[in-house]
Amino acid sequence: MPQLAQRMSRAKPSAIMVIADNAKRLKAEGRDIISFSIGVPNFLPGAHVYAAAREALQHDSGQYGSNRGPDALLDAFLAHLHGLGLDGYTRANCSTGVGAKHVLYNLYEALLDEGDTIAFPTPYWTSYVDIAEIVGAKVQLLPCGPEQNYKLTPAQLDTALASKPKVFLFNNPSNPTGMVYTGDELSALADVLVRHPHTWIITDDIYNKMIFDGLEYRNFLHYQPALRDRLIFLDSLSKTYGMPGWRMGFMAGPEAVAKAVTTLNSNHITNVSEIVTAAAIAALTGPQDVPTARCAEFAHKRDQVLAALNAIPGVVCPKPQGAFYVFPDISCAFGKSHNGKRISNDVEFCAALLEAKGVACVPGSAFGEPRALRISYTCPTPQLAPGMQRIQEFFAELS
Ligand SMILES: Cc1ncc(COP(=O)(O)O)c(C=O)c1O
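Residues numbered from 1 in each chain as written. Predicted model: local features only at pLDDT ≥ 70, side-chain atom pairs only at ≥ 80, totals over all residues.

### Regarding the packing of helix α4 (residues 100-111) against helix α9 (residues 255-267)
Where α4 contacts α9, the axes come no closer than 9 Å and their chain directions differ by 110 degrees. On the basis of the axis angle, α4 is roughly perpendicular to α9. The residues of α9 that touch α4, namely those facing V103, N106, L107, E109 and A110, are V257, A260, V261 and L264. (Axes fitted to C-alpha atoms, helices over the stretch in contact; angles between N-to-C directions. Helix = DSSP H or I, 4+ residues; strand = E, 2+ residues; numbered from the N terminus. Parallel < 35°, antiparallel > 145°, perpendicular 65-115°, else oblique. Contact = placed C-beta atoms within 7 Å.)

### With respect to α9
The terminal C-alpha atoms of α9 lie 19 Å apart, and with 13 residues this matches the ideal 18 Å at 1.5 Å per residue to within 8%. Listed in full, the buried residues belonging to α9 are V257, A258, V261, T262, L264 and N265. Buried residues of α9 fall within an arc of 160 degrees about the axis and therefore sit on the same side. Those residues of α9 that are exposed and angled more than 90 degrees off the buried face are A256 and N267. Where α9 is buried, its residues touch β2 (94-97), α4, β7 (231-236) and β8 (249-252). (Expected span 1.5 Å × (residues − 1). Buried ≥ 20, exposed ≤ 12 C-beta atoms within 10 Å, placed from the backbone. Arc of directions from axis to C-beta.)

### Here we look at the sheet that holds strand β4 (residues 138-143)
Sheet architecture is open: seven strands sit in the order β2-β8-β7-β6-β5-β3-β4, paired in mixed fashion. Since the sheet does not close on itself, it has two edges, and those belong to β2 and β4, each with one partner. Direction aside, neighbouring strands of the sheet carry axes that sit 20 degrees apart on average. Pairing between β7 and β8: four bridges, direction antiparallel. Bridging across to β8, S236 finds its partner in G249. Against the sheet, helix α3 (residues 71-83) engages β2 and β8, with an angle of about 110 degrees to β2. (Pairing = 2+ DSSP bridges.)

### Describing the nonpolar core
Within the largest apolar cluster, 126 residues are counted, with the highest numbers of intra-cluster contacts made by L107, M251, A279 and A280. Of the residues that make up this core, three or more belong to each of domain 1 (6-44 + 290-396) and domain 2 (47-285). (Core = buried A, V, L, I, M, F, W, Y, C linked by C-beta atoms within 7 Å. Domains from an automatic or database assignment.)

### Remarks on the pairing of strand β3 (residues 117-122)
Moving residue by residue along a regular strand, the side chains alternate between the two faces of the sheet. Of the strand pairs in this sheet, β3 and β4 are connected by six bridges, and their pairing is parallel. Directly across from T117, in β4, lies its bridge partner K138. Once you follow β3 into helix α5 (residues 127-135) and on to β4, the crossover reads as right-handed. Of the strand pairs in this sheet, β3 and strand β5 (residues 167-171) are connected by two bridges, and their pairing is parallel. The residue bridging I118 from the neighbouring strand is V167, located in β5. (Right-handed = clockwise from strand over helix to strand, strands pointing away.)

### A few points about the site of the ligand
The full set close to the ligand counts 13 residues, and G99, A100, K101, S236 and S238 are the nearest of them. Within the shell around the ligand, the residues separate by chemical class into four nonpolar, seven polar and two charged. (Near = placed C-beta within 6 Å. Nonpolar A, V, L, I, M, F, W, Y, C, P; charged D, E, K, R; others polar.)

### Observations concerning the domain arrangement of the protein chain
What the domain assignment reports for the protein chain is domain 1 (6-44 + 290-396) and domain 2 (47-285). Between domain 1 and domain 2, the residue contacts involve 38 residues of the former and 33 residues of the latter. Among the secondary structure elements, those contributing two or more residues to the side of domain 1 that touches domain 2 are α1 (15-28), α11 (289-310) and β9 (325-326). Top contributing element to the side of domain 1 that touches domain 2 by residue count: α11, with seven residues. Its residues placed into classes, the side of domain 1 that touches domain 2 shows 23 nonpolar, six polar and nine charged.

Laid out in structure tokens, this is it:
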């Protein structure tokens, strides 16, 4: 057989999917499994979204569409940006894709030549590294452990940008930590960014409507509007609107970048689907009661999960204020044994927890922080307390 391309030796399947598949396999074998592994919102969009999709079927043009996205979709996205306090963009600043992951992939292609560096804080969302490996970009990690609440400091950013990475990628609220930067923290980081004009900035803000405790969504642009000519804002319907499988992502940024992403679209997807487009417009411009109610529910679940974790001696968990993840430091378990099985790292911890208690979590090393694990708490409410109780039991049984 002829060889696959070199780049495929660097590409690997998502670590999160590997855990999710293991949990599925055990479930199929009849085990009682509670999954805290996959980052899906686990709710469905409002009825008006389905109505819009059905309506679109009645008027299907049957044609290829715009590579950038149809005007009505771009206008709905611009209205959404306005709602976030991000004004001054036009359709020419925007583009779309098959989910934010696809738009991000396009941005890597558009901004990074092979060997260029992309810098981002650790813990990071897994695909940030995986996509870099495929496109041949170098990764510069900025470690932000639990001792600094998983947050990047201005001094760290200043040092990192001194070496002039081509792109700085920033995720707020964060997957996997759920941390949300305050306005003051963003403002201080934005002041640093202004001093380093050679670096593109991507803000992955796809959890912008999943923020708790009365905190407001903020972006660097709210503090330093001058960053607009090199900042790209990334968004998605997946989490906010309960639409991960519909696949719709967006970007807003400099016209040249939006044009580049659109050109890449013209060479692979051609266009986002007409039916999904209609649903997306309805989601963005229609009633917001579903996302609002789910966000309140997630805040409540966060409280439950955090209380259960804080009751475990030795576990340290900075308080998340957004998204739907908690990221406890569980390194107190390393070096101990469960049922005679020694646990020396996060991967062994998660494997033993799944095997012994049927609870699936993702090892922190998948996100660059091997002291932690990620709990995604969007499971049906009745599973949450038993799942957390099993984790508590697991810790209590360590020797
Ligand atoms: C931080 C972050 N960015 C981007 C994405 C990709 O979202 P989408 O479903 O729109 O591709 C995810 C999905 O888990 C995410 O957590």
